[in-house]
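# Chain and residue survey
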Amino acid sequence: MSARSFAIPASMTICKRLLLTGLLLLMIFSGMAQAEQLLRVLAWPGYADPDMVANFEKNTGSRVEVTYINTDDELWNKVLRNDGSDFDVFAVNTAELQRYINKGLSAPLDVSAIPNQANQLARFRSTGAISGLMRGKHLYALPYTYAEMGLIYNRKLVKIPPESMAAMWDPQYRGRVLAYSGSVHNFSIAGLLNGSKNPFRLSDSELQSATMRLVQLRRNVLGFYSSPEEAVRLYQSNDVALVFANFGTQQLEALRAAGADVGYVVPKEGALAWLDCWAISSKSKAPQLALKWINYTLQADVSILLSKRHGLANTVTATSFSNSKDKLIWLEPAEDQDKRLALWTRILSGDTLQKF
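This section reports on the structure supplied with the text. These figures come from a predicted structure and were not determined experimentally.

### Things to note about the nonpolar core
Counting residues in hydrophobic clusters, the biggest one holds 110 residues, and the most contacted among them are Tyr-47, Leu-242, Trp-278, Trp-293 and Ile-294. The element that contributes the greatest number of residues to this core is strand β13 (residues 271-281), accounting for eight residues. Among residues more than four places away in sequence, those in contact with Ile-294 are Val-89, Leu-109, Ile-114, Leu-142, Trp-278 and Ile-280.

In structure tokens:
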């Protein structure tokens, strides 16, 4: 808006001219403020697709900048830089959320400004029952999407669907199991199978027992993968019977898209599951707009895109990727990640049971 567009008649009195000038300036700055309304989103791929973002911008008259991350470490470093002031809203899993709260990087949520929370599936409306979401009486994040780490099986080689992760240790599948290369989750699974009360807080003796179990698993493992794409490649070039689905139904859909005839089960002892949530930065420059974003993503027509496009369960609409009867064990921080990694490195290197 230029000054030439609104020329003020010279015949006007000084008071009238000053009043009109003030009104024009107010209109200009008001328009500029609205045009500059910006929401900075930090999220994982698939959580803020371009068309989804465009629709939000249209509905709110705002502008959205999305930054994507691929690891928890990358997420942490980006939020930590400048004390969280670089972003307004970010997606974080419940196992990680508490350290953001500890550092004062996330702010309590005003749930009254997120009415769509009432439309979430029953297991996600009870936020107080989900470990990691609360600090005292304050809620710091709302669930958005999740995936359990189930067991994928080759229908041609496994005629009866397995009921437990223990099937990976079955001698009949020697050399036909694909396992995940990460240390933390493998120890949690072993702890769960060993009957540990909390697979994320293993005592020294429980870590020792879990180590023994993982050494025994090694004889059945064809290979350890680190990405869904690598698992697909290994599956296609070998006679694989079982795959530990660290990436859940997203990984299942990748194998099916590649032509694999596979089934999927959530084990009877329960499956480790990650739950990604929206949180608002304590240094957000647009906290009200961030609340609108969270509410928008919890619309049924928006959340369902996670399932239709990306093979992920959403927290609003029941799909083939979600089953309310499945026993899900939401991830929590491990008792000692460095110690688990050190033990896992020795297991991968070939250390025998006697060396532990």
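Moving on from the model shown.
### Re helix α11 (residues 300-310)
All buried positions along α11 are accounted for by Val-302, Ser-303, Ile-304, Leu-305, Leu-306 and Ser-307. Buried residues in α11 make contact with α2 (50-60), β7 (142-148), α10 (287-297) and β14 (313-314). Just beyond α11, the residue with positive phi is Gly-311, at close to 65 degrees.

### Here we look at α2
Every α-helix winds through 3.6 residues per turn, so residues three or four apart in the chain are directed the same way. Restricting attention to buried positions, one finds in α2 the residues Met-52, Val-53 and Phe-56. Buried residues of α2, viewed axially, fall in a sector of 100 degrees; they line one side. Counted as exposed and oriented over 90 degrees from the buried face of α2: Pro-50 and Lys-58. Next to the buried residues of α2 lie β1 (38-43), β2 (63-68), β7, α10 and α11. With its phi angle positive at about 70 degrees, Gly-61 sits one or two positions after the end of α2.

### Points about the packing of helix α8 (residues 228-236) against helix α9 (residues 248-257)
Here α8 crosses α9 at 40 degrees, and the two axes come no closer than 10 Å. Of the possible angle classes, the one that applies to α8 and α9 is oblique. In terms of crossing hand, the pair formed by α8 and α9 is right-handed. On α9, the residues that touch Pro-228, Ala-231, Val-232 and Tyr-235 of α8 are Gln-251, Ala-254 and Leu-255.

### Considerations on the environment of Arg-213
Here Arg-213 shows up in helix α7 (residues 204-217). Setting aside its immediate chain neighbours within four residues, Arg-213 contacts Ala-166, Trp-169, Ala-190, Leu-193 and Asn-194. For Arg-213, the side chain forms a polar contact with the side chain of Asn-194, separated by 2.7 Å.

### A closer look at the pattern of salt bridges
Scanning the entire structure with this criterion turns up ten salt bridges. Between Arg-99 and Glu-96 there is a salt bridge, with the nearest N and O atoms lying 2.8 Å from each other. Of the two residues, Arg-99 and Glu-96 are both situated in helix α4 (residues 94-102); the distance of three residues between them amounts to about one turn of the helix. A salt bridge links Arg-155 to Asp-261, with the nearest nitrogen and oxygen atoms 3.3 Å apart. Within this pair, whereas Arg-155 is found in the loop between β8 (151-154) and β9 (177-180), its partner Asp-261 is found in the loop between α9 and β12 (262-265), the two being separated by 106 residues in sequence. The class for Asp-261 is partly exposed, based on a relative accessible area of 37%. Three or more residues are tied together by salt bridges with common partners; here these are Asp-49, Asp-51 and Arg-309.

Conventions adopted
Residues numbered from 1 in each chain as written. Predicted model: local features only at pLDDT ≥ 70, side-chain atom pairs only at ≥ 80, totals over all residues. Heavy atoms only, no water. Core = buried A, V, L, I, M, F, W, Y, C linked by side-chain atoms within 4.5 Å. Buried < 20%, exposed > 50% of the residue type's maximum accessible area, 1.4 Å probe, protein only. Helix = DSSP H or I, 4+ residues; strand = E, 2+ residues; numbered from the N terminus. Contact = heavy atoms within 4.5 Å. Arc of directions from axis to C-beta. Axes fitted to C-alpha atoms, helices over the stretch in contact; angles between N-to-C directions. Parallel < 35°, antiparallel > 145°, perpendicular 65-115°, else oblique. Left-handed = near helix turned anticlockwise from the far one by under 90°. Polar contact = N/O pair within 3.5 Å; in protein donor to acceptor, adjacent residues only side chain to side chain. Salt bridge = Lys/Arg side-chain N within 4 Å of Asp/Glu carboxyl O.

As far as function goes, none of this settles anything; it's purely spatial.
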